Amino acid sequence: MCLPTGRACYIIIIMRNNNGKVAVFWDQSYLWGLIAFRAFRAEGVDFDLLTADDIRAGLLKGYDLLFVPGGWASDKMAALGEDGAKAVRTFIEGGGGYLGFCGGAGLALTHDSGLGLLPVRRLPTGKRLPSFSGTIRLHLHGGDHPVWSGVEDGQTFHAWWPGQFSPPGDDSVQVLAEYGDPGLDAFVTDLPVRDGTDWQAWEENYGINLDPGRIRGEPALIESRHGAGKVLLSYIHFETPGDLSGRRVLMNLLSYMAGGGDGGGHISPEPPAVEQHAEAVALASSLAAEAMRFDRFGMENLLWYRRRDWLLQWRRGVRGIEYSTLDAMLKEIANHAEFAGGLDRESNLGIRQLAGLVREFYSGARRLLMLERLAMARGPLSPLKCDDPRIQELRSELFSSDRRCGGRYRRIAVIADAILLRQLRRRLRGG
């Protein structure tokens with residue numbers, strides 16, 4: 001059944017699932033939203049992708065749980081705006097669940113760009129370990145908690161550049177797990193942990209916190225209540241591709257946070273119809289090929305290697321996560337376009353916009369990377385600060401001078417993200 005909304009058409013879908021009904025907040029998640037989609041889809045979770053516009057329109061009312069993937073918390077908050085933030089708080093206060101991973105966890109905290117769902121703040125910047133990635137052991141608190149069903153103390157899971165919680169100073173907040181020792185595949189920035197690194201020397205050299213011992217014993221998962229609802233926040237990415245133990249915890253989390261859904265109707269945006277535009281499909285494939293050529297360029301210049309099929313491992317001083325994200329998004333767009341036999345009208349227009357933007361971006365990025373490689377030969381290179389005006393100019397043009405990206409990269413990411421949203425919604429409908 002279709003309901004008139006004045007701007008778009010929505011369909012009512014009836015779902016019954018032991019894990020209840022899950023809404024995934026899509027905005028400003030990019031790579032992490034795509035990874036969450038794949039994980040939920042692979043595990044047969046009943047879910048929909050909701051935007052900030054959907055949340056402001058009241059669509060959360062039909063769900064049991066809001067899942068918020070990684071990404072910059074401040075960007076997610078800006079997307080929600082005051083009305084969207086209020087709608088999320090109202091949803092939780094009324095008994096809904098909030099499950100946030102990494103940036104989604106940061107969004108729920110109490111700070112200038114947070115929802116304030118529980119009385120916990122972020123650890124001050126100077127005390128954080130900002131650049132950890134890879135596996136890390138978890139020490140469980142309350143091993144009989146439902147989220148740890150089938151999980152042993154000391155198992156390794158994945159953290160990807162996690163933030164850190166300040167120690168909860170309120171009995172209303174329960175720590176469910178704390179960080180232990182890093183796994184053998186862990187890195188701190190571009191330094192492998194397993195090689196017995198002299199962390200003090202490298203901290204003096206890089207000018208940032210690097211010793212992974214700094215994170216040991218810090219809270220990794222916390223739980224609290226907000227009104228009648230549950231809030232569970234994790235800086236561990238249990239949805240990491242290929243992590244079977246993580247998937248077990250993910251499903252435990254969904255069952256615990258959204259179990260007992262009544263199977264009632266909820267409203268989900270209906271994706272637009274696919275049109276047959278062979279030229280646009282071919283163009284999407286050519287952009288994915290352009291991403292692969294850029295990937296090889298970085299590897300040939302010893303600036304990164306392929307750590308996972310979805311992630312680069314890059315040298316400090318380059319924007320590796322952004323290049324990883326763009327690579328994943330462009331390939332996914334091409335795959336879905338071929339799978340569906342075309343794209344909808346707006347996506348066809350978006351692909352044509354992307355063509356010029358992506359090629360200009362990669363051309364500028366090649367120039368930047370060669371300058372950055374030369375700078376690295378002289379000593380450590382910060383990803384944000386550099387005395388070379390040519391590097392600073394190109395960085396500002398391509399990414400902006402902020403740690404949160406703007407510039408040409410953001411223009412591309414926004415267009416690609418909108419295309420992916422329409423494609424993935426169609427995939428959820430079996431189209």
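So, a few notes on the structure that sits alongside this text.

Before going further, it helps to spend a moment on the packing of helix H8 (residues 320–340) against helix H11 (residues 407–428). Interaxial distance between H8 and H11 falls to 10 Å at its minimum, and their mutual angle equals 35°. In terms of crossing hand, the pair formed by H8 and H11 is left-handed. Every residue of H11 that contacts H8 at Glu322, Thr325, Leu326, Met329, Glu332, Ile333, His336, Ala337 and Phe339 is listed here: Tyr409, Ile412, Ala413, Ala416, Asp417, Ile419, Leu420, Gln423, Leu424 and Arg427. Across the contact of H8 with H11, the residue classes break down as twelve nonpolar, three polar and four charged.

Turning to the pairing of strand E6 (residues 97–101), a few remarks are in order. Burial runs high along E6: five of the five residues are buried. Alternating positions in E6 separate into two faces, Gly97, Leu99 and Phe101 on one and Tyr98 and Gly100 on the other, with burial throughout. Two elements, strand E5 (residues 65–68) and E6, share four bridges in a ladder whose sense is parallel. Bridge pairing links Phe67 to Leu99 in E6.

Moving on to helix H10 (residues 389–399). By the burial criterion, the buried members of H10 are Ile391, Leu394, Arg395, Leu398 and Phe399. Down the axis, H10 shows its buried residues gathered within 105° of arc, on one side only. More than 90 degrees from the buried face of H10, the exposed residues found are Pro389 and Glu393. Those residues of H10 hidden inside the fold are in contact with H8, helix H9 (345–376) and H11.

To continue, consider the environment of Glu393. Turning to its location among the elements, Glu393 is positioned in helix H10. When its relative accessible area of 56% is taken as the criterion, Glu393 is described as exposed. Remark: the alpha-carbon pair of Glu393 and Gly342, spanning 51 residues in sequence, is separated by 38 Å.

Turning next to the pattern of salt bridges. All told, the structure shown has 25 salt bridges when counted by the stated rule. Here Arg247 makes a salt bridge to Glu43, at a shortest N to O gap of 3.2 Å. Taken together, the residues Arg247 in helix H6 (residues 244–258) and Glu43 in the loop between helix H1 (31–42) and strand E4 (47–50) connect sequence positions 204 residues apart. A relative accessible area of 15% places Arg247 in the buried class. Ionic contacts of the salt-bridge type, sharing partners, join the residues Asp295, Arg306, Asp327 and Lys331 into one network.

Structurally, Leu357 is set in helix H9. Classification of Leu357 by relative accessible area gives buried; the value is 13%. Leu357 sits 51 residues away from Arg408 along the chain, and the two C-alpha atoms are 7.4 Å apart. The residues touching Leu357, leaving out its near neighbours within four places in the chain, are Arg411, Ile412 and Ile415.

So, about the state of the cysteines. Counting across every chain of the model gives zero disulfides. Cysteine Cys386 remains unbridged, with the sulfur of Cys405 as its closest cysteine sulfur at 16 Å. Here Cys405 is not cross-linked by a disulfide; its sulfur's nearest cysteine counterpart is in Cys102, at 15 Å.

For the rest of this paragraph, the subject is the packing of aromatic side chains. Throughout the structure, instances matching the rule amount to 23 aromatic pairs. An angle of 40° between the planes, with centres 5.8 Å apart, marks the rings of Trp160 and Trp161 as tilted. For Trp160, a relative accessible area of 1% puts it in the buried group. Classification of Trp161 as partly exposed rests on a relative accessible area of 22%. On the numbers, 5.7 Å between centres and 90° between planes, the contact of Phe361 with Phe399 is edge-to-face.

So, about helix H3 (residues 73–93). Note: α-helices contain 3.6 residues per turn, so residues at a spacing of three or four share the same orientation. Here H3 spans only 21 Å end to end across 21 residues, well under the 30 Å set by a 1.5 Å rise per residue. Helix geometry: H3 is bent most strongly at Gly81, by close to 100°. Among the residues making up H3, those that are buried are Ala73, Asp75, Lys76, Met77, Ala79, Leu80, Gly84, Ala85, Val88, Phe91 and Ile92. Of the residues one or two after H3, Gly95 is the one with positive phi, at around 115°.

What counts and how
Residues numbered from 1 in each chain as written. Predicted model: local features only at pLDDT ≥ 70, side-chain atom pairs only at ≥ 80, totals over all residues. Heavy atoms only, no water. Axes fitted to C-alpha atoms, helices over the stretch in contact; angles between N-to-C directions. Helix = DSSP H or I, 4+ residues; strand = E, 2+ residues; numbered from the N terminus. Left-handed = near helix turned anticlockwise from the far one by under 90°. Contact = heavy atoms within 4.5 Å. Nonpolar A, V, L, I, M, F, W, Y, C, P; charged D, E, K, R; others polar. Buried < 20%, exposed > 50% of the residue type's maximum accessible area, 1.4 Å probe, protein only. Pairing = 2+ DSSP bridges. Arc of directions from axis to C-beta. Salt bridge = Lys/Arg side-chain N within 4 Å of Asp/Glu carboxyl O. Disulfide = S-S within 2.5 Å. Phe/Tyr/Trp six-rings, centres within 6.5 Å; stacked < 30°, edge-to-face > 60°. Expected span 1.5 Å × (residues − 1). Bend = angle between axes of the 7 residues up to and from the residue.

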